[in-house]
Amino acid sequence: MKALTWQSRGKITCETVPDPKIEHGRDVIIKVTACAICGSDLHLMGGFMPTMECGDVLGHETMGEVIEVGRDNQKLKVGDRIVVPFTICCGECRQCKWGNWSCCERTNPNGKMQAETYGYPLAGLFGFSHITGGFAGGQAEYLRVPYADVGPIVVPEGLTDEQVLFLSDIFPTAYQAAEHCDIGPEDTVAIWGCGPVGVLAVKCCYLLGAKRVIAIDSVPERLALAREAGAETIDLSHQNVQDTLMEMTHGLGPDSVIEAVGMESHGADTTLQKVSSAIMEHTVSLERPFALNQAILACRPGGNVSMPGVFAGPVGPVALGVLMNKGLTLKTGQTHMVRYMKPLMERIQKGEIDPSFIISHRSTNLEDGPALYDMFRDKTDNCTKVVFKPHG
């Protein structure tokens with residue numbers, strides 16, 4: 001089968017790799033009908049995530065048709081159309097029973113390696129390095145889905161692939177980020193990053209009752225998409241973020257902030273941020289928390305800081321003193337997918353939201369993948385989200 005693979009830092013190729021096979025009784029094999037490039041895939045492309053190996057199959061936003069079912073899987077059948085969450089969960093460990101699905105204790109076969117970094121093993125992830133299990137990803141013609149009787153959700157009749165594909169990651173991720181803000185009816189939420197998660201977070205904040213949402217970015221087409229989603233916007237390339245937010249909120253500041261950028265953020269406003277920025281731009285061993293620091297500074301005292309942006313390891317200077325002295329609450333974590341997929345599917349069915357509005361580029365040929373990765377990374381051709389349909 002064809003699949004998109006990581007070769008080395010900055011190099012993605014389309015290769016022919018072995019077709020997946022059933023390995024355990026709870027597995028299924030799907031024919032991939034739609035998959036997407038996620039912003040966090042760019043962290044892998046850029047070499048920011050450790051333990052990637054040449055030839056690893058990428059992708060964790062995937063759906064498709066079940067074509068083979070393991071003997072112990074009683075939930076799914078051949079012909080079912082399913083969305084596959086990016087996390088792999090056993091459904092039986094204490095974390096799964098507590099509803100902390102992304103903290104599953106059993107599904108990462110490289111849990112000992114992961115525990116050396118994070119203290120504990122966490123859920124296995126599709127296509128996201130060997131520290132998260134080394135599972136083949138879904139930017140491919142076919143995918144093996146382990147523990148497929150727990151996470152995947154069957155798609156009802158009447159919904160298109162594009163409507164439901166993002167239930168695999170970014171829609172639940174955006175919703176959890178908004179939920180972490182504990183939004184009240186008079187609240188203003190500021191969001192750093194108008195990529196797919198940030199723009200869907202705009203929609204989710206309004207679904208949860210926010211009065212105002214202000215989105216911050218420097219890319220014109222992303223800011224335009226955020227405005228389409230209902231946000232007011234700040235262009236950080238031309239405006240001082242802190243001053244503009246204070247002006248827009250009449251000195252009150254946002255009640256909650258969402259950092260939807262992650263480890264590769266750029267930019268600085270204050271003197272302290274500019275000094276640390278100059279250091280970190282030339283330090284590959286530290287991830288860059290510029291957006292996080294801006295968000296912490298901007299949030300009103302007693303507010304909430306929600307951080308869906310992905311970080312993997314050591315991070316440069318973070319404004320913990322500001323966080324502590326302002327009495328802010330920080331909430332973060334990989335998304336507890338099983339908690340959100342069904343209720344968000346119901347919102348799509350009811351017509352409350354159609355996440356497909358973020359798609360800018362489509363392809364039916366995985367061989368287009370390397371060029372589309374470059375386009376998505378470089379933010380050219382108004383590229384905001386790429387979807388593949390490998391079988392046409």
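Taking an unreviewed UniProt entry as the reference, the protein is identified by name as Threonine dehydrogenase belonging to Methylobacterium phyllostachyos.

Draft legend 1. The overall build of the protein, seen in detail. Each helix and strand counted, the protein has 13 helices and 18 strands in total. Counting across all 392 residues of the protein, residues that qualify as buried make up 57%. Sequence-distant contacts in the protein: of pairs separated by 6 or more residues, those separated by 24 or more amount to 73%. In the protein, 34 positive and 46 negative side-chain charges are present, and the distance between their average locations comes to 4 Å.

Draft legend 2. Quick peek at the UniProt feature "domain: Alcohol dehydrogenase-like N-terminal" (unreviewed entry) in the protein. Per the UniProt record, "domain: Alcohol dehydrogenase-like N-terminal" (unreviewed entry) is found at residues 26–152. Between the first and last C-alpha atoms of residues 26–152 the distance is 12 Å; the span itself is 16% helix and 26% strand.

Draft legend 3. Highlighting the confidence of the model for the protein. Mean pLDDT over the protein stands at 94; residues scoring 70 or higher make up 94%. Within the model, pLDDT remains below 50 along residues 267–285, and this stretch shows 27 contacts once partners closer than five positions in the same chain are excluded.

Draft legend 4. Expanded view of helix 8 (residues 241–248). Those residues of helix 8 not exposed but buried are Val241, Gln242, Thr244, Leu245 and Met248. Down the axis of helix 8, the buried set is contained in an arc of 165 degrees. They therefore lie on one face. Residues of helix 8 that are exposed and point more than 90 degrees away from the buried face comprise Asp243 and Glu247. Backbone nitrogen of glutamine 242 and a side-chain oxygen of the N-cap are separated by 3.2 Å at the start of helix 8; the cap is asparagine 240. Of the residues one or two after helix 8, histidine 250 is the one with positive phi, at around 55 degrees.

Draft legend 5. Molecular detail of helix 10 (residues 290–298). Helix 10 sits mainly inside the fold: eight of its nine residues count as buried. Within helix 10, burial applies to Phe290, Ala291, Leu292, Asn293, Gln294, Ala295, Ile296 and Ala298.

Reading guide: rules and limits
- Residues numbered from 1 in each chain as written.
- Predicted model: local features only at pLDDT ≥ 70, side-chain atom pairs only at ≥ 80, totals over all residues.
- Heavy atoms only, no water.
- Helix = DSSP H or I, 4+ residues; strand = E, 2+ residues; numbered from the N terminus.
- Buried < 20%, exposed > 50% of the residue type's maximum accessible area, 1.4 Å probe, protein only.
- Contact = heavy atoms within 4.5 Å.
- Lys, Arg positive; Asp, Glu negative; His and termini not counted.
- Charge placed at Lys NZ, Arg CZ, Asp CG, Glu CD.
- UniProt positions renumbered as here; feature names shortened; annotations may be inferred.
- pLDDT = per-residue confidence, 0-100.
- Arc of directions from axis to C-beta.
- Polar contact = N/O pair within 3.5 Å; in protein donor to acceptor, adjacent residues only side chain to side chain.

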